Amino acid sequence: MSLAAYACDPAASRGRRHPEAAAPTRTEFQRDRDRIVHSTAFRRLVYKTQVFLNHEGDLFRTRLTHSLEVAQLGRSIARALRLNEDLVEAIALAHDLGHTPFGHAGQDALNDCMKDHGGFEHNLQSLRVVDELEERYPRYDGLNLCFETREGILKHCSRANAERLEAQEPGGVGRRFLDRSQPSLEAQLCNLADEIAYNAHDIDDGVRSGLISMEQLEEVALFARFRREALAEHPDLQGRRQLYEAIRRMLSAQVYDVIAATRAGLDRAAPRSADQARHSGPLVAFSAGMAQQSAALKQFLLRNLYRHPQVVETTGQAKRVVRELFAAYCADPTQMQAGFAARTDLPRAVADYIAGMTDRFAAREHERLTGQRLLP
Ligand code: MG
């Protein structure tokens, strides 16, 4: 199927920061996807926490399986909307590369440590990983990805950071945060696919962990409706199969809703190019009704799962690990890998080093440097 006029066309890419000859058989976005899959940061995602710390169980989502689910949902929707599937896949697989160990707790702690040194934002860090921190190629740092992939990776950015990016790269990936335009439709789609994916898999992981129950989920209209539907069709359905069937139906309904609502929006705005789409306001969206239901689900998860006392307790330990690692490396930079120890921008080097760690490496390093074992 051919791409829509409003899709990103790899042949019309704004290109790479370091110009390269075209590949003989792959498009520029396929190439970006391949570079991401082969990166070191991508392999680390398997040992990084999504919500549940890695050691708490083998079946919970990690950043890697989360990223694969985002890519799957994104590609399904992209194909239906005739958007560029390869670009969606590249952005989805890279969108969490900058996450610290220990999920949001790790990021909050690191942001705190960096508050007098420019702060720490995981979206910006994902961009730093692909622009600067990966060491794979002879002639440049980073993966030298296309503008469109980098644009999608930088999902959010503070004004101060956008201004800094704009100064380094005029008209580049920071610009849209200053002129308030949108990223490509492919990037908008990844953003929404991320939300659909974590809302669904956090229900699954939450129930699996025993921290939330299916009975509690009855208060979430979106889930309750599909659980009822599943039971009406399969009255004997129990346990995990009942949960999966409800989640599966909920996921499908959200995907079809995004496709229909976005098609309607595209019909109204009628962008004739990817660039026109960037200046047509947000176009990849849920219908108003689904947006509300999805927000209610998110609120439920915040109240009952992310702020569950048991989650808060382990994340408290994780924050301490990050804070104490930061202090230890700042006091003695030679404890870091040589390349980081040699850098002149010490706090940022420490933040980059810690952000790159897997959960278990961070826990081991913490034990090595402090003699205390806070996490198994
Ligand atoms: Mg994500």
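By convention here, each chain's residues receive numbers from 1 onward along its written sequence. Confidence filtering applies because this is a predicted model: local features only for residues at pLDDT of at least 70, side-chain atom pairs given and counted only at 80 or more, and all residues used for totals across whole chains, interfaces and linings. Only hydrogens and water are removed before side-chain values are computed, so all heavy atoms of the structure are retained for them.

1. Observations regarding the pattern of salt bridges
- Note on definitions: salt bridges are taken to be side-chain nitrogens of Lys or Arg within 4 Å of carboxyl oxygens of Asp or Glu. Counted by the stated rule, this structure contains 41 salt bridges.
- Where Arg61 meets Glu69, a salt bridge forms, and the shortest distance between an N and an O atom there is 2.9 Å.
- When accessible area is computed with a 1.4 Å probe and restricted to protein chains, residues below 20% of their type maximum are described as buried, those above 50% as exposed, and intermediate ones as partly exposed. Given the relative accessible area of 15%, Arg61 is considered buried.
- On the accessibility criterion, Glu69 (26% relative accessible area) is partly exposed.
- A salt bridge links Arg240 to Asp204; its shortest N-O distance comes to 2.7 Å. Of this pair, Arg240 sits in helix α12 (residues 239–269) while Asp204 sits in helix α10 (residues 185–209), and the two are 36 residues apart along the sequence.
- Accessibility expressed as a relative area gives 4% for Asp204, which makes it buried. Secondary structure elements are taken from DSSP: a helix is a run of H or I of four residues or more, a strand is a run of E of two residues or more, and numbering for both begins at the N terminus.

2. Examining unusual backbone geometry
- Despite not being glycine, Phe102 shows a phi value in the positive range, around 65°.
- Mapped onto the elements of the fold, Phe102 is located in the loop between α4 (85–94) and α5 (103–113).
- Relative accessible area serves as the criterion here: at 3%, Phe102 is assigned to the buried category.

3. Focus on the coordination of the magnesium ion
- Each metal site is built from N, O and S donor atoms within 2.8 Å (3.2 Å for Na, K and Ca), and since water is not included, such sites may look incomplete. Coordination of the magnesium ion by the protein involves His66 (NE2), His95 (NE2), Asp96 (OD) and Asp194 (OD), with metal-donor separations of 2.1 to 2.7 Å.
- We note that the donor set of the magnesium ion lies within a single chain, spaced as H-x28-H-D-x97-D. Note on accessibility: His95 and Asp96 belong to one class, buried.

4. Describing the domain arrangement of the protein
- Here the domain parsing of the protein yields domain 1 (10–183) and domain 2 (185–308).
- Taking only C-alpha atoms, the centre of domain 1 and the centre of domain 2 are 23 Å apart.
- Two residues form a contact once any of their heavy atoms are found within 4.5 Å. Contacts between the two partners involve 31 residues from domain 1 and, on the opposite side, 33 residues from domain 2.
- Once two parts are joined, some of their accessible surface, as seen by a 1.4 Å probe, is lost; buried area is that loss totalled over both. For the domain 1 and domain 2 pair, buried surface summed over both sides reaches about 2,800 Å², with 70% attributable to carbon and sulfur atoms.
- The tally of links between domain 1 and domain 2 comes to five salt bridges.
- A salt bridge links Asp204 to Arg61, with the nearest nitrogen and oxygen atoms 2.7 Å apart.
- Throughout this description, a polar contact denotes any pair of N or O atoms lying within 3.5 Å of each other; where both atoms belong to protein, one of them has to be capable of donating a hydrogen while the other can accept it, and for residues adjacent in sequence the pair is counted only when both atoms sit in side chains. Taken together, the links from domain 1 to domain 2 amount to 12 residue pairs in polar contact (both at pLDDT 80 or more). Residue ranges assigned to the domains are those given by an automatic or database domain assignment.

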